[in-house]
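One letter stands for each residue in the lines below.
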Amino acid sequence: MEKQKPDVDVLIVGAGFSGLYLIHRMRQIGLSCHAFEAAAGLGGTWYWNRYPGARCDVASFEYSFSFDKELEQEWEWSEKYAPQPEILEYAEHVAERFDLKKSISFSTKVTSAIYDEDNKLWSIKTSKNSAHKARFVVFATGCLSVPFTPPIVGLAEFAGSTYTTGRWPHEGVGFTSQKVAVIGTGSSAIQSIPLIAKVAAEVTVFQRTANYSVPARNAITTPEESNRTKASYAALREQAKTTHSGIVTSPSPKSALEVPEEERLATYEKRWTDGGLPFLAAFSDVMIDQKANDTASEFFKNKIRSVVKDDETAEALCPTFPLGGKRMCVDTDFYETFNRDNVSLVNLKKEPIESIEGSTLHTTSRSFEFDSIVLATGFDAMTGALNAVDIRGKEDFPLKQAWSEGPDNYLGLMVNGFPNLFTVTGPGSPSVFTNMLMAIEQHVDWITDCLEHMSVNDLTLIEAQSQAQLDWGKEVQRAASQFLRSNTDSWYTGANIEGKKNVFMPYMGGLPVYRETCDEVARENYRGFTLT
Ligand code: FAD
Ligand code: N01
């Protein structure tokens, strides 16, 4: 039988920052490519998450592409942490500048990707009933792109309006004079609650687990600051490459336990005043030693107690897990908002939600009337978007089944049994522990170099070896075990989704170590991969 021909060399799923950069790089090495995007527009995270207050928590100068020096120089960020509309505008600008849109089909969900062993091609089907054949498929489907809806009895029949932070209406929501429930106190809730509280008549926050949130200290970027940063952009990017998270920080080499209390508190105070995620780097052992972590956690709780006037609310807002166990949040006026007369907190640890009937939400001890409910209840992270597609590799074996005990993979890039299928910033890679733009560039560049190597050497197939995958899985768990967060239930472990296998998913070895490992693997003729 005559062999079938591919429609494209590389089929890309998703048109967030990963998909956009992939299109650009595939074109550069002369491979034909096409992207399918479920949304009606590009931008991924920044297309979907339009809730009030949505913005990045990695400084915009860093949370932006580094691959093109002119792009770096021409784009102006208005604030230290740009708001969602501006980040989306930036994504649009990138697409425009590199003429990427013509390679994307919007409003088109990839529903299945089946490996056709006879033809050594991937067969892809979409929600528009189109069928495609590609030599390679890259899933750039995002780590936080499938919102989680909690199974609350009666939620679907709620008589008012229900909004999900990760699927926010484009036209915006007018909460003026409304009674609003916000369920969840993760980053999305913590960003949106202060702004919703400014317009709504009443806001009731339903909190299951109190979170840590540090003030962002966001500020307008002056032209002088912008020029200064742009003048030293190259050095800034190089410095970012050397840090664990790919974010320019000044991690302290000192232990929190070796310094006198006065110095320790002054250090925390300084980090708190400076604001943002670098708080976590106040001391070298905050993330790895329980006693050191306790000192930071206590500092946090005292801050909450000093801000929130009502003692019961303040205590309920004090977290009970290690700082950094779940992703630390970054806010503007989150704790202050609980001093408003129109804001109250319901501690779901004391009175869980029982059901919703009509416009009434019942906890085990009270009933509340609402006009709107905001679900800030998170995502089926890291594997959600991949498991939502019917992906089948060699011998028709489903990815879901291959991942029934956890998302086994090699370097977070490929899975044994699924040749020529790549994932970007998926499980097994540093991904969500980094400045994601940097992680995306590293992954896409590695994949690009790999495909170029295959073209040059006339190779058609690449597949992760099972032993290499096994070893990498052990390395991912070893790296995680050094950190306190490996013992905390979170979306990193899949604990937020009922029935999901609890395994620590991202790689905690740090971006520099990971980058070097990937480069070394490539240098050693793609050690651990079989190339044919
Ligand atoms: P995404 O942006 O998630 O894009 C994936 C795309 O794939 C989506 O558009 C989705 O519709 C599409 N897709 C999924 N499945 C299919 C399918 N089957 N068929 C077709 N299309 C599909 N990271 C940081 O480093 N710093 C930050 O400050 C930061 N802030 C964040 C704020 C929010 C509110 C959230 C949710 C995440 C944030 N992140 C942040 C993480 C963020 O997800 C990444 O930084 C980055 O935007 C991911 O880009 P991506 O292209 O890999 O994935
Ligand atoms: O989601 P989350 P998110 N009943 O999973 C609660 C990135 N991000 O969208 O902890 C009641 O953190 C849940 O409670 P618990 C960032 O990486 C970044 O806020 O499971 N409550 C939790 O409080 C972030 O980590 C920014 O007990 C329920 C909340 O819902 C990631 O995206 C902004 C519940 C979910 O919090 C996810 O953040 C936004 C139920 N049945 C997002 N189910 C920036 O600032 C869940 N919850 C850059």
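Notes on the structure follow. (Residues numbered from 1 in each chain as written. Chains lettered and ligands numbered in written order. Predicted model: local features only at pLDDT ≥ 70, side-chain atom pairs only at ≥ 80, totals over all residues. Heavy atoms only, no water.)

## Points about the overall build of the protein chain
No. 1: Looking only at helices and strands, one finds 16 helices and 20 strands in the protein chain.
No. 2: Computed over its C-alpha atoms, the radius of gyration of the protein chain comes to 23 Å, within 12% of the 24 Å expected for a compact globule of 532 residues.
No. 3: In terms of overall dimensions, the protein chain has C-alpha extents of about 75 × 55 × 45 Å along its principal axes.
No. 4: Residues counted as buried form 58% of the 532 residues belonging to the protein chain.
No. 5: Across the protein chain, contacts joining residues at least 24 apart in sequence account for 71% of those joining residues at least 6 apart.
No. 6: As displayed, the protein chain offers around 22200 Å² of accessible surface, 50% of which is attributable to carbon and sulfur atoms.
No. 7: The centroid of the 52 positive side-chain charges in the protein chain is displaced by 1 Å from the centroid of its 69 negative side-chain charges. (Helix = DSSP H or I, 4+ residues; strand = E, 2+ residues; numbered from the N terminus. Rg over C-alpha atoms; globule rule 2.2 N^0.38 Å. Buried < 20%, exposed > 50% of the residue type's maximum accessible area, 1.4 Å probe, protein only. Contact = heavy atoms within 4.5 Å. Areas by Shrake-Rupley, 256 points an atom, 1.4 Å probe, with all protein chains shown as cover. Lys, Arg positive; Asp, Glu negative; His and termini not counted. Charge placed at Lys NZ, Arg CZ, Asp CG, Glu CD.)

## Examining the sheet that holds strand E16 (residues 372–375)
No. 1: In spatial order, the strands read E7-E16-E8-E9-E12; together these 5 strands make up an open sheet with parallel pairing. Across the chains shown, the open sheet's two edge strands, defined by having one partner strand only, are strand E7 (161–164) and strand E12 (343–347). Looking at each pair of strands side by side, their axes are set apart by 20° on average, direction ignored.
No. 2: Sitting on the sheet, helix H5 (residues 187–199) is in contact with strand E8 (179–183), strand E9 (202–207), E12 and E16, with an inclination near 170° to E8. (Pairing = 2+ DSSP bridges. Axes fitted to C-alpha atoms, helices over the stretch in contact; angles between N-to-C directions.)

## Overview of the site of ligand 2
No. 1: Taken together, 24 residues form the shell around ligand 2, and within it Thr185, Ser188, Arg208, Thr209 and Arg327 come nearest.
No. 2: In the model, an oxygen atom of ligand 2 is placed 2.6 Å from a nitrogen or oxygen of the serine 188 side chain.
No. 3: At 2.9 Å, a side-chain N or O of glutamine 191 approaches an oxygen atom of ligand 2.
No. 4: Protein contacts shield 87% of the accessible area of ligand 2, which totals 900 Å² for the unbound molecule.
No. 5: Of all the elements, H5 adds the most residues to the shell around ligand 2, at 3 residues.
No. 6: Considering only residue class, the shell around ligand 2 consists of 10 nonpolar, 9 polar and 5 charged. (Near = heavy atom within 4 Å. Polar contact = N/O pair within 3.5 Å; in protein donor to acceptor, adjacent residues only side chain to side chain. Nonpolar A, V, L, I, M, F, W, Y, C, P; charged D, E, K, R; others polar.)

## Examining the sheet that holds strand E14 (residues 360–363)
Strand-to-strand pairing in sheets goes through backbone hydrogen bonds, with the strands running parallel or antiparallel.
No. 1: One open sheet holds the 3 strands; their spatial order is E13-E14-E15, and the pairing between them is antiparallel. Of all the strands in the sheet, the pair left with one neighbour each is strand E13 (353–357) and strand E15 (367–369). Neighbour-to-neighbour, the strand axes of the sheet open up by a mean angle of 20°, direction not taken into account.
No. 2: Where E13 meets E14, 4 bridges bridge the pair, whose relative direction is antiparallel.

## Some words on the site of ligand 1
No. 1: Among the 31 residues in the neighbourhood of ligand 1, the closest are listed as Ser18, Glu37, Thr45, Asp57 and Tyr63.
No. 2: Serine 18 has a polar side-chain atom sitting 2.6 Å from an oxygen atom of ligand 1.
No. 3: Between a nitrogen atom of ligand 1 and a main-chain N or O atom of alanine 38, the distance comes to 3.0 Å.
No. 4: At the level of elements, helix H1 (17–28), helix H2 (45–48) and helix H14 (436–456) are the ones that each hand at least two residues to the shell around ligand 1.
No. 5: With 3 residues, the single largest contributor to the shell around ligand 1 is H2.
No. 6: For the shell around ligand 1, the class distribution of residues is 16 nonpolar, 12 polar and 3 charged.

## Some words on the packing of helix H8 (residues 261–274) against helix H9 (residues 290–307)
No. 1: Close contact between H8 and H9 brings their axes to 11 Å; oriented N to C, the two are set at 60°. On the basis of the axis angle, H8 is oblique to H9. For the pair H8 and H9, the crossing hand works out as right-handed. Of the residues in H9, those in contact with Arg264, Leu265, Tyr268, Glu269 and Trp272 of H8 are Ala292, Thr295, Ala296, Phe299, Phe300 and Lys303.
No. 2: Its residues placed into classes, the contact of H8 with H9 shows 7 nonpolar, 1 polar and 3 charged. (Parallel < 35°, antiparallel > 145°, perpendicular 65-115°, else oblique. Left-handed = near helix turned anticlockwise from the far one by under 90°.)

## Topic: unusual backbone geometry
No. 1: Although it is not a glycine, lysine 120 sits at a positive phi angle of roughly 55°.
No. 2: Looking at the element boundaries, lysine 120 is found in the loop between strand E4 (110–116) and strand E5 (121–126).
No. 3: Using a relative accessible area of 40% as the deciding quantity, one classes lysine 120 as partly exposed.
No. 4: Residue methionine 382 is not a glycine yet carries a positive backbone phi of 70°.

## A word on the side chain of arginine 237
No. 1: Positionally, arginine 237 belongs in helix H7 (residues 233–241).
No. 2: Residue contacts for arginine 237: discarding those within four places in its chain leaves Phe61, Glu62, Ser64, Phe65, Ser66, Glu72 and Met438.

## Some details on the packing of aromatic side chains
No. 1: Under the defined criterion, the tally for this structure stands at 43 aromatic pairs.
No. 2: When the ring of phenylalanine 17 is compared with that of tyrosine 63, the centres are 6.1 Å apart and the planes differ by 90°; the resulting orientation is edge-to-face. With phenylalanine 17 in helix H1 and tyrosine 63 in the loop between H2 and helix H3 (69–74), this pair connects stretches of sequence that are 46 residues apart. We note that phenylalanine 17, like tyrosine 63, is buried.
No. 3: Between the aromatic rings of tyrosine 21 and phenylalanine 65, the centroid separation amounts to 5.6 Å while the plane-to-plane angle is 35°, which identifies the pairing as tilted. Taken together, the positions of tyrosine 21 in helix H1 and phenylalanine 65 in the loop between H2 and H3 put the pair 44 residues apart, joining distant regions of the chain.
No. 4: Aromatic rings pair up to connect Phe17, Tyr21, Trp46, Tyr63, Phe65, Phe67, Trp75, Trp77, Tyr90 and Phe98 into one cluster.
No. 5: Stacked on the ring of tyrosine 47, the Lys or Arg arginine 50 has its end atom at 4.9 Å from the ring centre.
No. 6: The residue whose ring lies beneath arginine 167 is tryptophan 48, and the NZ or CZ to ring-centre distance is 3.8 Å. (Phe/Tyr/Trp six-rings, centres within 6.5 Å; stacked < 30°, edge-to-face > 60°. Lys NZ or Arg CZ within 6 Å of the ring centre and 35° of its normal.)

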